[in-house]
Amino acid sequence: MKILDIQTGRISLPLARPFKTALRTVETLNDIVVKVVTDEGVGYGEAPPTAVITGDTEGSILCAVRDYIRPALLGMDVMDLPAVMARLNGCLVHNTTPKAAVDMALYDLWARAQKQPLYRLLGGARERFRTDLTISVNPVGQMVEDSLDAIGQGFDILKIKVGKEGEKDVERVCAIREAVGPNVKLRVDANQGWEAREAVRIIRAMEDKGLDLDLVEQPVPAADLDGLEFVTRSVSTPILADEAVFSERDAAEIIRRGAANLINIKLMKTGGIWGALKICRLAEENGVECMIGCMLESRLSVAAAAHLAAGQKIITRADLDGPSLCAIDPYSGGPAFDGPAIAMRGDFGVGVTGVPCKTWNEGM
Ligand code: MG
């Protein structure tokens, strides 16, 4: 299966409501899509420009695919996956988002050629699982309303975005716990918004109030590993490393230091499934459970993440709410996202088709 071309296009999907974190506010999903063309069919991938987290912008994604990845991979055989992945990951450093988009398109083709849904070739650990839903950071009343709305849609795990106003975050989570009752699982994501001592004070306050959190995600800046380790050792709530872990090397350092209890894997940080599997292996060897997460992505790339999560036993939590945050789903095929329920289906490869892109930048 010979790679003949790698093309790029754009998709734009309205969000059901503005997405707000400590880092940004977004109202429309605008992503680059990638099509890997071979002599035996095409595979698709998606690249969300998330400059505040990955450093990858629309321009840098297009340039990386056009000037580095495409020339490096043309003529290669998709079925020799290790060689293709070595070339993809070696042709330029960083740029994990464009690498992820091409990686998932290659896995799509690779699994389809073997007439298997991808998750079965990635370990086949489960066929269905549940995702949380993100509650954007807003005035308390609005967050309570959004949480109740999510429960109404069937969600029983909420991920609450905080990290903007220190102690007020305790009030936010308290109000939500009171409103949703004890049976809903609550996760808190500070998106690097606190400083280490402040994080310990806030998390302990949440513990003292009996808020019963499943985890707190990335309390301190990504580069502050000392701070992350200090927080993890100072509280009893499990701490999840997100922005602090892109690569297998990052994960190894976190695990070695015991700087976090859990690791959040996102394809856009690992450069795709190939890199994510390395982290899964390492995590499994060390008994560190992982969460699968996503950026603001449509069902195209979230489907690839779902295949990884369904394949790997060590991924015990899912934060794959991208499709639920979009107002429309233009695709067909692939895993079914029905509110909190994600169900794998029998389509070969990643399985998603019907990418709503009118013009592809052919043979750039
Ligand atoms: Mg996060």
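Placed above this text is the structure.
Residues numbered from 1 in each chain as written. Predicted model: local features only at pLDDT ≥ 70, side-chain atom pairs only at ≥ 80, totals over all residues. Heavy atoms only, no water.

Peer 1: What exactly am I supposed to notice about unusual backbone geometry here?
Peer 2: If a residue is not glycine, its phi is most likely negative; likewise, a peptide bond is most likely trans. Of note, asparagine 95 is a non-glycine position whose phi angle comes to about 50°, a positive value. When you line up the elements, asparagine 95 lands in the loop between α2 (81–90) and α3 (96–113). In this structure, asparagine 191 is a non-glycine residue whose phi angle is positive, near 45°. Looking at the element boundaries, asparagine 191 is found in the loop between β7 (185–189) and α7 (196–208). (Helix = DSSP H or I, 4+ residues; strand = E, 2+ residues; numbered from the N terminus.)

Peer 1: Explain the coordination of the magnesium ion to me, please; I cannot follow it from the model alone.
Peer 2: Geometry reference: four tetrahedral donors at a metal, ideal angle 109.5 degrees. Six octahedral donors, ideal angles 90 or 180 degrees. Each protein donor to the magnesium ion is listed here as Asp189 (OD), Glu217 (OE) and Asp242 (OD); together their distances run 2.1 to 2.4 Å. Mapping the donors of the magnesium ion onto the primary sequence gives the spacing D-x27-E-x24-D. With glutamate 217 in strand β8 (residues 213–217) and aspartate 242 in the loop between β9 (239–241) and α9 (248–257), this pair connects stretches of sequence that are 25 residues apart. (Donors = N, O, S within 2.8 Å, 3.2 Å for Na, K, Ca; no water.)

Peer 1: Mind showing me how you'd approach the environment of lysine 159 here?
Peer 2: Relative to the helices and strands, lysine 159 resides in strand β6 (residues 157–161). A C-alpha to C-alpha distance of 20 Å links lysine 159 and aspartate 208, two positions 49 residues apart in sequence. In this view, lysine 159 contacts Asp132, Leu133, Thr134, Ile135, Arg187, Asp189, Glu217, Met291 and Asp319; residues no more than four positions away in its chain are not counted. (Contact = heavy atoms within 4.5 Å.)

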